[in-house]
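# Coordinate analysis (summary)
So the chains spell out like this:
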Amino acid sequence: MKNILVTGGAGFIGSNFVRYMLHVHPEVNVVVYDKLTYAGRLENLQDVAEQFAGRYAFAQGDICDAQAVEAALREHEIDTIVNFAAESHVDRSIMNPDAFIQTDVYGTYVLLEAARKFGNLRYHQISTDEVYGHIHGDHRSLETDNLAPRSPYAASKASADHLVNAYHITYELPITITRGANNIGPYQYPEKVVPLFVTNALNDLPLPVYGDGQQMRDYQYVIDHCKGIDLVLREGEIGETYNVGTGEEMTNMQMVEILLDELGKPRTLIQHVEDRMGHDRRYCMNVQKLMDLGWEADYTHEEAIRETVRWYVNNPWWWEPIRSGEFKEFYQRLYGERKVIG
Ligand code: NAD
Ligand code: DAU
């Protein structure tokens, strides 16, 4: 692993991963390949571009464009592909699934074909706990569980996982997959619940909690996720999938209360609104397989939420311009007419 192509590296988790890898592995060079959709931002990598000028490069491109992908692989003598590139927001997938099928499914296929064509490059797929669907009772999803996705986003990610596994079985492509939980931390586009709620609260706007807010999520600090991906890249068994989460869960209401407490803002900002269609009630994964490789989380949920809140408080330069751009129209479309239920 010397020259890594990080697709989707200008997004939230991708940019944190790039920063982490360049700091921790001095022998590694990173090329970010990113289309720069609304979610991809060069500001996320500004410090990286300055600090690691000799070991970092950026190429703008679409993972659905086979010629451009192959040109990047050739030019930078890539030996490893880590695919973060995706449409990633569940609500947008409900409003308009098309881009999700294009990027998350077809784009993954293009990358797999390119990896095969270049002599079976090492390939790592970033997947999600959403592929398991919502979990009943006190079960924690295992890597061997059947996939049961329930939103267009989750279905597109599950399709990609099947393709990645198929390329391993059929063509012996050296693949691994990690399935992450709900990540939070710096540079997350403020459409996702934690940065949305922090930035709304900082503007004294209501926090739109879907339904009763008793849905369970595993809010994981993004650096813990990056550490897990790095470990699997180096020590993971080829052909295998690894869950990456804290293995713990909390309700959305608990998350909101910690967030408001850290901000010193009143609970009266909470507004229950009409639920998300097909909303998954609970995700929670068993992460023993990753722990057996030597991984453990550095952050509890509460620490992850408080740390994230502080980053947004201290970095309005990053999110204020976003909230006044494309985001405004998206917010109006998703929340403008939404029924308030409490
Ligand atoms: P994000 O939306 O912040 O970033 C996605 C990035 O992909 C952006 O930089 C965007 O420009 C780029 N991109 C989109 N379409 C592209 C295309 N066709 N070609 C090239 N680049 C393209 O997403 P994120 O939250 O950082 O998620 C990254 C990955 O991790 C995704 O695969 C997502 O499914 C997965 N994941 C996310 C979470 C989470 O909590 N956010 C949890 C588990 C897994
Ligand atoms: O679980 C991993 C997944 O986490 C990733 O694969 C996705 O890319 C990522 O977007 C995230 O999906 P979620 O749908 O769980 O995240 P989101 O931040 O959109 O919502 C988290 C919870 O908060 C969920 O139960 C819905 C709820 N919610 C969300 C929003 C945006 C609200 O109550 N109100 C909101 O306005």
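Everything below is about the structure printed above this text.
It should be emphasised that the depicted structure is a prediction, and the values quoted were computed from it without experimental measurement. (Residues numbered from 1 in each chain as written. Chains lettered and ligands numbered in written order. Predicted model: local features only at pLDDT ≥ 70, side-chain atom pairs only at ≥ 80, totals over all residues. Heavy atoms only, no water.)

### Quick word on the site of ligand 1
Residues in contact with ligand 1 amount to 28 residues; listed here are only the nearest, I13, D34, S88, Y153 and K157. A distance of 2.9 Å separates an oxygen atom of ligand 1 from a polar atom in the backbone of G11. One nitrogen or oxygen atom from the side chain of S88 is found 2.7 Å from an oxygen atom belonging to ligand 1. Across the complex, the protein chains shield 97% of the 830 Å² of accessible surface that ligand 1 would expose by itself. Counting residues per element, the ones that place at least two in the shell around ligand 1 are helix 1 (12–24), strand 5 (122–128), helix 6 (152–171) and strand 7 (182–184). Residue composition of the shell around ligand 1, grouped by class: 12 nonpolar, 12 polar and 4 charged. (Near = heavy atom within 4 Å. Polar contact = N/O pair within 3.5 Å; in protein donor to acceptor, adjacent residues only side chain to side chain. Areas by Shrake-Rupley, 256 points an atom, 1.4 Å probe, with all protein chains shown as cover. Helix = DSSP H or I, 4+ residues; strand = E, 2+ residues; numbered from the N terminus. Nonpolar A, V, L, I, M, F, W, Y, C, P; charged D, E, K, R; others polar.)

### Brief notes about the site of ligand 2
Contacts to ligand 2 come from 26 residues, most closely from D129, Y153, N182, R276 and Y335. One of the side-chain N or O atoms of E130 is found 2.8 Å from an oxygen atom in ligand 2. N252 places a side-chain nitrogen or oxygen 2.9 Å from an oxygen atom of ligand 2. Class assignment of the residues belonging to the shell around ligand 2 gives a composition of 12 nonpolar, 7 polar and 7 charged.

### A word on the packing of helix 5 (residues 98–117) against helix 6
The geometry of helix 5 relative to helix 6 is characterised by a closest axis approach of 8 Å and an angle of 15 degrees between their N-to-C directions. Considering their axes alone, helix 5 and helix 6 lie roughly parallel with respect to each other. The two elements helix 5 and helix 6 cross, and the hand of that crossing is right-handed. Where helix 5 approaches helix 6, its residues F100, I101, D104, V105, T108, Y109, L112, E113 and R116 are matched on the opposing element by Y153, S156, K157, S159, A160, L163, V164, Y167 and Y171. (Axes fitted to C-alpha atoms, helices over the stretch in contact; angles between N-to-C directions. Parallel < 35°, antiparallel > 145°, perpendicular 65-115°, else oblique. Left-handed = near helix turned anticlockwise from the far one by under 90°. Contact = heavy atoms within 4.5 Å.)

### Considerations on the packing of aromatic side chains
Scanning all chains against the criterion turns up 16 aromatic pairs. Ring geometry for Y106 versus Y109: centroids 5.5 Å apart, planes at 45 degrees, classification tilted. With a gap of 3 residues between them, Y106 and Y109 both fall in helix 5, about one helical turn apart. For Y106, a relative accessible area of 40% puts it in the partly exposed group. Relative to Y335, the ring of Y210 has its centre 6.4 Å away and its plane inclined at 25 degrees; by these criteria the two rings are stacked. You can see Y210 sitting in strand 8 (residues 207–210) and its partner Y335 sitting in helix 13 (residues 326–335), a full 125 residues away along the chain. The buried category is assigned to Y210, whose relative accessible area is 10%. A cation over an aromatic ring shows up here: R92 above the ring of F330, its NZ or CZ 4.1 Å from the ring centre. Lying over the aromatic face of Y242, K289 brings its terminal NZ or CZ to 4.8 Å of the ring centre. (Phe/Tyr/Trp six-rings, centres within 6.5 Å; stacked < 30°, edge-to-face > 60°. Buried < 20%, exposed > 50% of the residue type's maximum accessible area, 1.4 Å probe, protein only. Lys NZ or Arg CZ within 6 Å of the ring centre and 35° of its normal.)

### Thoughts on the pairing of strand 11 (residues 241–244)
Because side chains alternate across strand 11, one face comprises the buried residues T241 and N243, and the other comprises Y242 and V244, equally buried. Note that strand 6 (residues 175–180) and strand 11 share 4 bridges and pair parallel. Residue T178 lies in a different strand from strand 11, and its bridge partner there is Y242. (Pairing = 2+ DSSP bridges.)

### Quick look at helix 1
Taking 1.5 Å per residue, 13 residues should reach 18 Å; helix 1 reaches 19 Å between its end C-alpha atoms and fits that length. Most of helix 1 is tucked away, with 11 of its 13 residues classed as buried. Regarding helix 1, the residues found buried are F12, I13, G14, S15, N16, F17, V18, R19, Y20, M21 and L22. (Expected span 1.5 Å × (residues − 1).)

### Points about the pattern of salt bridges
Under the definition given, this model contains 23 salt bridges. Here E113 and R116 are joined by a salt bridge, their closest N and O atoms 3.3 Å apart. With E113 and R116 both in helix 5, this residue pair falls 3 residues apart, about one helical turn. A relative accessible area of 24% places E113 in the partly exposed class. (Salt bridge = Lys/Arg side-chain N within 4 Å of Asp/Glu carboxyl O.)

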